[in-house]
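What the coordinates show
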Amino acid sequence: MQLPTVQGALAPSLLAIPVAFGINGATTVADSPVVLMLTGLLVLATLISIIFIVSGGNHFQDPLFCVFVVFSFTSVVDLIISLEEDGFISGFVEVYVREGEPYLRTAHGIMICYWDGIVHYGLYLAMIAAIGQRKSYRNLGLFWLGSLMMSIIVFLLGNLIGKFSSDLSPAFLLNLPYILIPVWTGVRLFQQPKALPCLSPEKVMEEQRKHLYQRPQDAALVLVLLLTAAFTFFRGMVVLDCPADSCFEYIYQHEPYLRDPVAYPKVQMLIYLFYVLPFFCLCIYALVLPGCSWLPDWSLVFAGAVAQAQFSHVGSSLHTRTPFPYQTPEDVWWGFILTNVLYALGPQLLALHCLRSPAFFLPTTPTPLHRGKKHQ
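Keep in mind the model is a prediction, meaning the values are calculated, not measured. (Residues numbered from 1 in each chain as written. Predicted model: local features only at pLDDT ≥ 70, side-chain atom pairs only at ≥ 80, totals over all residues. Heavy atoms only, no water.)

With that settled, the discussion passes to the environment of N340. Residue placement: N340 occurs in helix α13 (residues 333-356). Remark: the alpha-carbon pair of N340 and F311, spanning 29 residues in sequence, is separated by 8.9 Å. Sequence-distant contacts of N340, that is, excluding residues within four places in its chain, are made with R235, E255, Q310, H313 and V314. Side chain to side chain, N340 and R235 meet in a polar contact 2.9 Å long. (Helix = DSSP H or I, 4+ residues; strand = E, 2+ residues; numbered from the N terminus. Contact = heavy atoms within 4.5 Å. Polar contact = N/O pair within 3.5 Å; in protein donor to acceptor, adjacent residues only side chain to side chain.)

Let us now look at helix α7 (residues 177-191). Since the α-helix turns once every 3.6 residues, residues separated by three or four places project in the same direction. Across its 15 residues, α7 extends 21 Å between first and last C-alpha, which sits within 8% of the 21 Å expected from 1.5 Å per residue. Y178, P182, T185, G186 and L189 are the residues of α7 that are buried. Buried residues along α7 cover an arc of 110° about the axis, so they all sit on one side. Summarising the geometry of α7, the exposed residues directed more than 90 degrees from the buried face are L180 and Q191. On the buried face of α7, the contacting elements are α3 (64-85) and α6 (138-161). (Expected span 1.5 Å × (residues − 1). Buried < 20%, exposed > 50% of the residue type's maximum accessible area, 1.4 Å probe, protein only. Arc of directions from axis to C-beta.)

Before going further, it helps to examine the packing of aromatic side chains. Here the structure, examined in full by the defined rule, presents 21 aromatic pairs. Geometrically, the ring pair formed by F231 and Y343 is edge-to-face, given 5.9 Å between the ring centres and 65° between the ring planes. One end of the pair, F231, is in helix α9 (residues 216-239); the other, Y343, is in helix α13, and 112 residues separate them in sequence. For the pair W298 and F302, a centre-to-centre distance of 6.4 Å together with 55° between the ring planes defines the contact as tilted. Taken as a pair, W298 and F302 lie in helix α12 (residues 295-318) at a separation of four residues, close to a single helical turn. On the basis of relative accessibility, which here comes to 38%, the residue W298 falls in the partly exposed class. In textbook terms, an aromatic cluster arises when at least three aromatic residues are bridged by ring pairs, as seen for F68, F71, Y124, Y137, W144 and Y178. Of note, R235 hangs over the ring of Y343, and the distance from its end group to the ring centre comes to 5.2 Å. (Phe/Tyr/Trp six-rings, centres within 6.5 Å; stacked < 30°, edge-to-face > 60°. Lys NZ or Arg CZ within 6 Å of the ring centre and 35° of its normal.)

On to a nonpolar patch on the surface. There is a patch of nonpolar side chains on the surface, built from I153, L157, L160 and I161 and spanning about 340 Å² of accessible area. The exposed category is assigned to I161, whose relative accessible area is 57%. (Patch = residues over 30% accessible without salt bridge, like charges linked within 9 Å, V, L, I, M, F, W, Y side chains within 5 Å. Areas by Shrake-Rupley, 256 points an atom, 1.4 Å probe, with all protein chains shown as cover. Salt bridge = Lys/Arg side-chain N within 4 Å of Asp/Glu carboxyl O.)

As enumerated under the stated definition, the model contains eight salt bridges in all. Among the salt bridges present, the one from R138 reaches D297, with a minimum N-O distance of 2.8 Å. Here R138 is found in helix α6, whereas its partner D297 is found in helix α12, with 159 residues between them in sequence. Residue R138 is classed as buried on the basis of its relative accessible area, which comes to 4%. Close ionic contact of D297 with K194 constitutes a salt bridge, the shortest N to O distance being 3.3 Å. Here K194 lies in the loop between α7 and α8 (201-208) and D297 lies in helix α12, a separation of 103 residues in the sequence. Note on D297: relative accessible area 7%, which makes it buried.

Residues F68 and W144 are the most contacted members of the largest nonpolar core, which totals 94 residues. Aside from chain neighbours lying at most four places away, what touches W144 is F68, F71, H120, L123, Y124, M127, T185 and L189. (Core = buried A, V, L, I, M, F, W, Y, C linked by side-chain atoms within 4.5 Å.)

So, on to unusual backbone geometry. In this model, R134 sits at a positive phi of 55°, which is unusual for a non-glycine residue. Topologically, R134 is positioned in the loop between α5 (107-132) and α6. According to the relative accessible area criterion, R134 is exposed, its value standing at 72%. Backbone geometry at A263 places phi at a positive 75°, although glycine is not the residue there. The topology assignment puts A263 in the loop between α10 (245-253) and α11 (264-288). What makes A263 buried here is its relative accessible area of 10%.

Residues at a pLDDT of 70 or more form 81% of the protein, whose mean pLDDT is 84. In this model residues 1-31 is a low-confidence stretch, pLDDT under 50, and it forms 41 contacts with partners more than four residues away in sequence or in other chains. In the predicted structure, residues 367-376 sits below a pLDDT of 50 and forms five contacts with residues beyond four places in sequence or in another chain. (pLDDT = per-residue confidence, 0-100.)

Time to look at the environment of Q327. Mapped onto the secondary structure, Q327 falls in the loop between α12 and α13. Each C-alpha atom of the pair Q327 and D260 lies 9.0 Å from the other, and the pair is 67 residues apart in sequence. Dropping the residues within four chain positions of it, Q327 is found in contact with P256, S317, H319, T320 and T322.

And the structure:
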C-alpha cells in the first residue's frame, strides 16, 4: 500500500490517520459503500470507549463532553477532506469521498468541511476546556448549534433534491446523527442556567423607558436588519424564478451560482426566506419594545447559522470546483463579497449587542409604585 504523502507544512491530526488507513483498508477488502459506513461507525464507537476508559467517567457527568469530543474527531476528518480535495495533501480519504460521499467533492462540500474543520473544531476545543474547568459554555454552544444545524440542513436537502440525488449511498446515513444529536444537545443548552447580569432593577427600568431614538445603537441595528431583510426577500424571489427584470439580471450577472444544479444555493436562499427573514422581523420588534428576553439566546443561534451559511455560499461562488457558468463574474467580485460580508455581519452585531447591553432585553420589571402597592 502506498503511504499517504503530505505536501508542504500542512499535516493532519494523528487522530485522523487511523481513520484514513481504516477506510482505505476496508475498501481494499470490499469496495463497498456499506463497508465504508460500518467502518465509520466502528471508529466512532471505539473513540467513545477510549474516552470513557481514559477519563474514568469523570467528564461524563456532563454528557455533552462526549458529544463535543466525538464531533471534534469528525471535524479533523472533514478538514482532511477539504485539504485533500483542494490538493494540499493526498492519499488519505480519496476512496471514501469517491465511493461513499461524492457530493463532498463539490465546492459547497469543500467549504462546509473547511468550516467544520476550523471553526467548529475551535468551538469544540473551547467547550471541552470549559467543561474541564467547570465554566459556562452556553453562549459558545448556542452559536455552534446554529452553525451546525444550518450546515447539515442545507447539505442534506441539497443532496436529496440536487443532481446527486441519484448517487446517494448508505454512507449518506452517517449524516443523520448530525441532526438528531444537535437537537438533543440544543435542548440541554437551552436548559442550562443563564449568566445573570449585575444590573439593578432601577437601571433596567431606566433603559427600558428609552424610546428607539434615544438608543442610537439599537436604531442602527434596526436599519441594518431592515436592509438585510429586504435583501433576503429579494434573493428568495430570485431563486423562485421571479419574472422581474431585476431578478433576471441579478441571477445571471451577479450571482449565477444560484442557478447551480447542485441545489445547495437554492436551498440556502429558501431557508433564508422562510426562516431567517421572519426572525429578522422579530428582532426588529424586540429592538423596539422592551422585555423580549428570548432575543439574546436566539440571536446567538442565528448568528452562528448565518455566519456558516455566508462562508459556504461566498466560498462556493468563487471556488474553482463550481462550473464556470455558475461562478461569480470577476467584474462583480468586490460588490458580491462586500454585500455578502455585510449580510453576515448584521446578525453578529446583534448578538454582540445583546451580550454587552442586556438591560433592554431583560424581563420587564414592575415600577416602584406597583411594587409598593403589592406589599400593602
